[in-house]
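# Architecture and fold: a report
Chain by chain, the residues run as shown.
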Amino acid sequence: MHSLGRPSQVNLEFSRENPTRWKAWLASLRRIARDPRNIVAANNKYDAEYIKYFAGIEALYIPSYCGYAAKAQYAPVRGKSVLFARNHNNPRALFAGAHAAAAAAPAPAPAPAPAPAEAEAPAGAAAGAGGTLAGNAVRFERTEDAYPRGFEYTELAQHPCVVVVPYTKSVMSFFELYRMNVPLFAPSVALLVQWEMQHRVMAERIYWSGAPRPKVYPNTTRLAPNARTSKVALRHWLGLSDLYAFPNVTFFDSWEELIQLLQAADLPAISAAMAQANAEMLADLRGTWRRLLLRMFNGQPPGFRTVPTDYAPAMRQLYGKGAVPSTEEPPCRRESRPEFGEWT
């Protein structure tokens, strides 16, 4: 009796950026995936497609929920800045464009007087208390600058909205903000492609640009995922990022359009739509995991089997000699080491 779950949250080739090790890993993964009780999954559509592209495996798309962040809920406070989501690459040139657009924007027309019920709303209420930017100049601030010593999720939930300038295809901070129902604004696919070609803003999505594709599998794209200069390939692959898989994210084609969208947006309504979407996603995720656990364990209680103490012999017994690297394999010289900042 056996079962495995292999969720992908980093690129498939991570720590195997070597032709020999890479080929062996793909062959091993295909062996593992043949067992119907084993699960190959990804928490984003990009990685699910990436697995299919290189291994020919239909990986399940199971987005992260991050329920720990959902304990904090959107409660905007008047005067708080519009945050830029965390981006450790700090694309200063892009952020400067946003600040310039905000400074050049015409003075906003005063917001209409609130209805009596709204005027009496408590300070943290969504309507008229930071839940809309109508009648206010837009002020941007990086999360790292607003909270240099770290933050609580409840603090992030006090900002009217967050602008996401992504640095890779999937990050936990996106799921966290979404689960808090904080309105999110992000570049359109077309604008993100432009930024990638001009600024390599999504450079961290590529772990090993030289990763070879051993075989072209049916029902997969021929567009290379690690391309940097092909607009067609970039549109396809960047369009699979988390930003474009979730509903109720507002997209902009320029910083100037973002300013207009921010001042016109009904932020409480966006947050409410996100809350509804989150409730539906949570129900779907619970159902998915119940089905997968039943498939993997067939209803058996915890502890019903003995877990092998030696990984390599157990894997070879289950999936054949090639399931783990041979002891005769030459030393693995990695051609890229992203965890050390070596992106090739």
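Residues numbered from 1 in each chain as written. Predicted model: local features only at pLDDT ≥ 70, side-chain atom pairs only at ≥ 80, totals over all residues. Heavy atoms only, no water.

Right, let's get into the overall build of the protein chain. Helix and strand counts for the protein chain stand at 13 helices and eight strands. Across the protein chain, the fraction of contacts at a sequence separation of at least 24, relative to all contacts at a separation of at least 6, is 78%. (Helix = DSSP H or I, 4+ residues; strand = E, 2+ residues; numbered from the N terminus. Contact = heavy atoms within 4.5 Å.)

Here the focus is the sheet that holds strand 4 (residues 82-84). The five strands lie next to each other as 5-4-6-7-8, forming an open sheet whose pairing is parallel. Edge positions in the sheet fall to strand 5 (140-142) and strand 8 (250-252), since each has one partner strand and no second. Bridge count for strand 6 (residues 162-163) against strand 7 (residues 184-187) is two bridges, and the pairing is parallel. Each residue of the ladder has a partner; that of Val162, found in strand 7, is Leu184. (Pairing = 2+ DSSP bridges.)

Checked against the element boundaries, Met296 lands in helix 12 (residues 267-297). Under the relative-accessibility criterion, Met296 is labelled buried at 9%. The spatial distance from the C-alpha of Met296 to the C-alpha of Pro36 is 8.3 Å, given a sequence separation of 260 residues. (Buried < 20%, exposed > 50% of the residue type's maximum accessible area, 1.4 Å probe, protein only.)

What follows concerns the pairing of strand 2 (residues 39-42). Along strand 2, one buried face is formed by Ile39 and Ala41 and the opposite face, lined by Val40 and Ala42, is buried too. In the classification by handedness, the crossover that spans strand 2, the intervening helix 2 (residues 45-55) and the parallel strand 3 (residues 60-61) is right-handed. (Right-handed = clockwise from strand over helix to strand, strands pointing away.)

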